[in-house]
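The primary structure of each chain is shown beneath.
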Amino acid sequence: NKGPPKGIILDLRNNGGGYIDAAVNVVGQFTQPGSLVVYTMNREKERRDYRSTSRGGVGIPLVVMVNRYSASASEITAGALRDHKVAALVGEKSFGKGSVQQLYPFQDNSALKLTIARFYSPAGHVIDHKGLVPEHAVPMEPRFVGKMDKDVQIHKALKVLKAALGES
């Protein structure tokens, strides 16, 4: 195919996450500048918003794929893109790792890891222990990711993308 892409499949399956800044940057490619990507709430109910700063607004259909090993920053990305109605989710329920943790080291080389806040999608959905449930649920063993003959999730993602493009 020649010319610019007509649609995008963002495959976040088996993606354990990464830096929140990376999630904010990815989401910013598809949303308007200043869009809420995620927010945290601590025990004192203090809220901190993370907003996109990219020029954004790619404006073509997007499908995001998740599975049971999609966690943390990949869940933030998928949840924000869905909440902003720029992406459909395909796959299976994500891991549900939506907490902010801080490490407190001690002099005896031990440490305490304490959850200090939780992540919420722009629409206020709790990610921690809940995960994201795709509207196009397709169960599949994670070992089949990328194995085109057995990867039923990618085939569903292609169907969803084609439908968004008005193709059959």
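This section reports on the structure supplied with the text. (Residues numbered from 1 in each chain as written. Predicted model: local features only at pLDDT ≥ 70, side-chain atom pairs only at ≥ 80, totals over all residues. Heavy atoms only, no water.)

## Here's the deal with the overall build of the protein chain
Part 1: When you go through the protein chain residue by residue, the secondary structure sums to three helices and eight strands.
Part 2: Here the C-alpha radius of gyration of the protein chain, 17 Å, is about what a compact globule of 168 residues would show, namely 15 Å.
Part 3: Oriented by its inertia axes, the alpha-carbon framework of the protein chain measures out at about 60 × 35 × 25 Å.
Part 4: For the protein chain, with 168 residues in total, the buried portion stands at 41%. (Helix = DSSP H or I, 4+ residues; strand = E, 2+ residues; numbered from the N terminus. Rg over C-alpha atoms; globule rule 2.2 N^0.38 Å. Buried < 20%, exposed > 50% of the residue type's maximum accessible area, 1.4 Å probe, protein only.)

## Examining helix 1 (residues 20-28)
Part 1: Regarding helix 1, the residues found buried are I20, A23, V24, V27 and G28. Taken around the axis of helix 1, the buried residues stretch over an arc of 135°, which confines them to a single face.
Part 2: For helix 1, the secondary structure elements touched by its buried residues are strand 2 (36-42), strand 3 (47-51), helix 2 (73-83) and strand 7 (111-120). (Arc of directions from axis to C-beta. Contact = heavy atoms within 4.5 Å.)

## Examining the sheet that holds strand 6 (residues 99-105)
Part 1: The four strands lie next to each other as 3-2-7-6, forming an open sheet whose pairing is antiparallel. Two strands bound the open sheet, and with one partner strand each, they are strand 3 and strand 6. Averaged over all neighbouring strand pairs, the angle between strand axes comes to 30°, with direction disregarded.
Part 2: Sheet topology places strand 6 next to strand 7; seven bridges connect them, and they run antiparallel. Within the sheet, the bridge partner assigned to L103 lies in strand 7 and is K113.
Part 3: Sitting on the sheet, helix 1 touches strand 2, strand 3 and strand 7, and the angle it makes with strand 2 is about 145°. (Pairing = 2+ DSSP bridges. Axes fitted to C-alpha atoms, helices over the stretch in contact; angles between N-to-C directions.)

## Overview of the nonpolar core
Part 1: Counting residues in hydrophobic clusters, the biggest one holds 22 residues, and the most contacted among them are I20, V37, V38, V64, I76, A78 and L81.
Part 2: For this core, the secondary-structure elements that each account for two or more residues are helix 1, strand 2, strand 4 (62-66) and helix 2.
Part 3: Discounting chain neighbours no more than four positions away, the residues touching V37 are A23, V24, V27, Y50, R51, S52, I76, A80 and P122.
Part 4: Residues M65, A88, V90 and I154 belong to the second largest nonpolar core, which totals nine residues. (Core = buried A, V, L, I, M, F, W, Y, C linked by side-chain atoms within 4.5 Å.)

## Some details on unusual backbone geometry
Part 1: If you check the backbone angles, N14 has positive phi at about 60° while not being a glycine.
Part 2: For N14, a relative accessible area of 38% translates into the label partly exposed.
Part 3: Of note in this structure, N109 is not a glycine but carries a positive phi near 70°.
Part 4: With respect to the helices, strands and loops of the structure, N109 is situated in the loop between strand 6 and strand 7.

## So, the pattern of salt bridges
Part 1: Under the definition given, this model contains eight salt bridges.
Part 2: Salt bridges linked by common partners bring D11, R13 and D151 together as one network. (Salt bridge = Lys/Arg side-chain N within 4 Å of Asp/Glu carboxyl O.)

## Focus: a nonpolar patch on the surface
Part 1: A surface patch of nonpolar side chains, amounting to about 350 Å² of accessible area, comprises Y104, F106, L112 and L114.
Part 2: Relative to the helices and strands, L112 is located in strand 7. (Patch = residues over 30% accessible without salt bridge, like charges linked within 9 Å, V, L, I, M, F, W, Y side chains within 5 Å. Areas by Shrake-Rupley, 256 points an atom, 1.4 Å probe, with all protein chains shown as cover.)

## Considering the packing of helix 1 against helix 2
Part 1: Interaxial distance between helix 1 and helix 2 falls to 9 Å at its minimum, and their mutual angle equals 25°. The angle between the axes of helix 1 and helix 2 places the two elements in the roughly parallel class. In this structure, helix 1 meets helix 2 at a crossing whose hand is right-handed. When helix 1 is examined against helix 2, the residues I20, A23, V26 and V27 are found in contact with a partner set consisting of A73, I76, T77, A80 and L81.
Part 2: Of the residues contributing to the contact of helix 1 with helix 2, the split by class is eight nonpolar, one polar and no charged. (Parallel < 35°, antiparallel > 145°, perpendicular 65-115°, else oblique. Left-handed = near helix turned anticlockwise from the far one by under 90°. Nonpolar A, V, L, I, M, F, W, Y, C, P; charged D, E, K, R; others polar.)

Geometric values such as these leave the question of function open.
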